[in-house]
Structures are given as C-alpha cells and as structure tokens.
Amino acid sequence: MPELPEVETIRRQLAPLVESRALLEVAILDERWSRPLHPRELEEALRGRTVERLGRRGKYLLWGFSGDIHLAQHLRMTGSVLVDPDGEPPYTRVRMRFGARRGAGAAGQRRQVSLVVTDPRRFGTGELLVGGDALERFLDERLGLEPFDEGFTSAYLREIVRGRTAPIKAVLLDQRRVAGVGNIYADEALHRAGIHPLRPAGKLTGAQLERLREGIVGALAAGIDARGASIDDFRHVDGVRGSFQDEFRVHLRAGESCGVCGGPIVKIVAAGRGTYVCERCQRPPRQARRTR
DNA sequence: AGGTCGGCCTGGCAGC
DNA sequence: TGCTGCCAGGCCGACC
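Remember, predicted model here, so these are calculated numbers, not experimental data.

1. Concerning the domain arrangement of chain A
And then number 1: Splitting chain A by domain gives domain 1 (4-142) and domain 2 (154-290).
And then number 2: Computed from C-alpha coordinates alone, the two centres of domain 1 and domain 2 are separated by 30 Å.
And then number 3: On the side of domain 2, 19 residues touch domain 1, which itself brings 20 residues to the contact.
And then number 4: Both faces considered, domain 1 and domain 2 share a buried interface measuring about 1,700 Å² in area, 62% of it formed by carbon and sulfur atoms.
And then number 5: Put simply, domain 1 and domain 2 have zero salt bridges between them.
And then number 6: Linking domain 1 with domain 2 are seven residue pairs in polar contact (both at pLDDT 80 or more), by the criterion used here.
And then number 7: Of all the secondary structure elements, the ones that give two or more residues to the side of domain 1 that touches domain 2 are α1 (4-18), β5 (80-83) and α4 (134-142).
And then number 8: Residues belonging to the side of domain 1 that touches domain 2 are distributed by class as follows: eight nonpolar, five polar and seven charged.

2. Some details on the sheet that holds strand β4 (residues 69-74)
And then number 1: Judged by pairing direction, the sheet is antiparallel, and its four strands sit side by side in the order β2-β3-β4-β8 without closing on themselves. Each edge of the open sheet is held by one strand with a lone partner, namely β2 (51-57) and β8 (125-130). Across the sheet, the mean angle separating the axes of adjacent strands is 20° when strand polarity is ignored.
And then number 2: The sheet contact formed by strand β3 (residues 60-65) and β4 spans six bridges and is antiparallel. Opposite Trp-63, over in β4, you have Leu-71 as the bridge partner.
And then number 3: Docked against the sheet, helix α2 (residues 39-46) engages β3, β4 and β8, running at close to 55° with respect to β8.
And then number 4: In the packing of α4 onto the sheet, the strands contacted are β2, β3, β4 and β8, and the crossing angle to β8 comes to about 130°.

Conventions we followed
- Residues numbered from 1 in each chain as written.
- Chains lettered and ligands numbered in written order.
- Predicted model: local features only at pLDDT ≥ 70, side-chain atom pairs only at ≥ 80, totals over all residues.
- Heavy atoms only, no water.
- Domains from an automatic or database assignment.
- Contact = heavy atoms within 4.5 Å.
- Buried area = accessible area lost by both parts, 1.4 Å probe.
- Salt bridge = Lys/Arg side-chain N within 4 Å of Asp/Glu carboxyl O.
- Polar contact = N/O pair within 3.5 Å; in protein donor to acceptor, adjacent residues only side chain to side chain.
- Helix = DSSP H or I, 4+ residues; strand = E, 2+ residues; numbered from the N terminus.
- Nonpolar A, V, L, I, M, F, W, Y, C, P; charged D, E, K, R; others polar.
- Pairing = 2+ DSSP bridges.
- Axes fitted to C-alpha atoms, helices over the stretch in contact; angles between N-to-C directions.

Pasting the structure below:
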C-alpha cells in the first residue's frame, strides 16, 4: 500500500517523463475515481493542459497543470501508476496520453508517453482543484507536517500528542498530524524508537518523542532509499518492485525473531490495524492485550 | 471533542 | 473440488 516512500518513488520516476508535456488524452474508466465530478467533467478540465510540475504531499501525488489547475491523486490501498505498459493492464481505471516534451530535441523526448492508473480495489481517487489557493486549502485541511520538514521536531510531536489518550500508533496514522505515515512505516518507526504501539500518546516522555522522531524519519528515508515496499500490488512506473519489504524489522514478521534483541515478533491489533511488535524492545503498557 | 467503529471494495485464502 | 465468508486497510462519516 503506497505510503510516503512509495508515492515519492513514483513521483521521482514519473516527473521527468511527464513534466513539460501536454496531456493530449485522458480517459477515466471508473466513475468512482473522479467523484463527486463525473469523469467527463474531469477529463474536459484536464485535456490539453501541460504538466508544469509533479509534486507530492503526504501520500498525495500532486499534478500541477497549466492554468492554475491541480489534480490531487491518491492511490489508497492498491493503486499503481504504469508508464507505457504492454497492452491494457488488468484493473486499469485511468488512461493518459502525453505529447512530445516542449522544446525537446532528443528523440526520446519527442516520443509520446502513455500512462495508466491500475487499482484492483478501486479506493483510489483524483480530485480536481481549480485556481489560486484551492490546492493549499485542500492540503492544509487534511495534512499535518511532512516528516522531512524542518519543523518536524520532538517539540512538534509533543504538541500533537498533548492530552491524547489514544495509542501512539493511532496518532502516527492520523494524516492531519503526521503526513505520509501508514501502517507499514508506523510499525517500523515505533520499533526503531523502542516504543510500544499501544502506549498512550500523551504519556510519552521527551526522550521517547525524540527517538520517535528519529524512528519516523529513519524508516521513511530507508523506504525511499529502497524505492518503496512491494507487498502485493505496489509497482514502480516500469512495473519493477521496490525492495523495502526485505528490510522490514517487524512488519509482517510475526513468529520471526527481532534483529535487535532476538526476542519474538508478535502480531497485535492497534488502532484497528494489524500491528507487529517486539515486546522485548517495545515494552507494552500494563493493560495491553494481545490478540492471536 | 476525542476516540472508536463501520463502510467502501475486491483478491486471496481458511475452513468446511 | 467448490463454495462461503472473512480479512486486509486509508480515509471518511457516524456515533458515543
């Protein structure tokens, strides 16, 4: 499931292929993708516009088009973006075709580029944002700080956990507080920090919050370095898998031993999500209950 | 208002 | 073997 490192991997691969190209054709095959807009409305709004910049914020892939038009694309659980695929891949939900790169000389830049969005479970979305501050307002409503922002300090973490009784994992998964962390990187960050996912967020000490900041940034950076994790559906734009799943310290590793202390990795439920933890490195709070 | 849970969706798999 | 039903989970809306 694409989280920050997977979306950033897509952005880095895709940006040089689509920036400065006009979107000649766009076809939205699944009407859920563009809701509440009808696919035709979104297609007409985008067709013919040039991609000025491909950005990312949290787990959103942000298409900046000419004329102050933005498309905020979210891949949710099972979305992938494929460039120049052979034929029509299964579960294709959106097709795009881009023209030659503006002012390009090299043959590769004059060639057209085709792109498809695949998404078996159809949770993915594309939201149209028109004009000046629409994008900024959209993002501010939904997303807290980026973990790579210089303001993302232990003091910021202190601020967002203050008074919270919910488990720390629930806070990490809350995009309005920390942008881009999902189930995989929450587990990995908490293990790096030696903090149990069920610890009440507001009770963490300053030292724990500093370790947590390092754990979040460290896990996300490692994920980006490995070009993301491919558990089932995630693929690079050329169909290749990421490799971060081979570096998981706890996630999906129930029954194996912890690489730090040798203790057993167990699966529990935290914030309603399957959660992997080494309870020797990550001491559980008193009333924590283990399932399975 | 914070916290929790169900709905969306479908492939995959456990269990009969 | 083939069917049923449950699980996975990001995000949102409903409810306590």
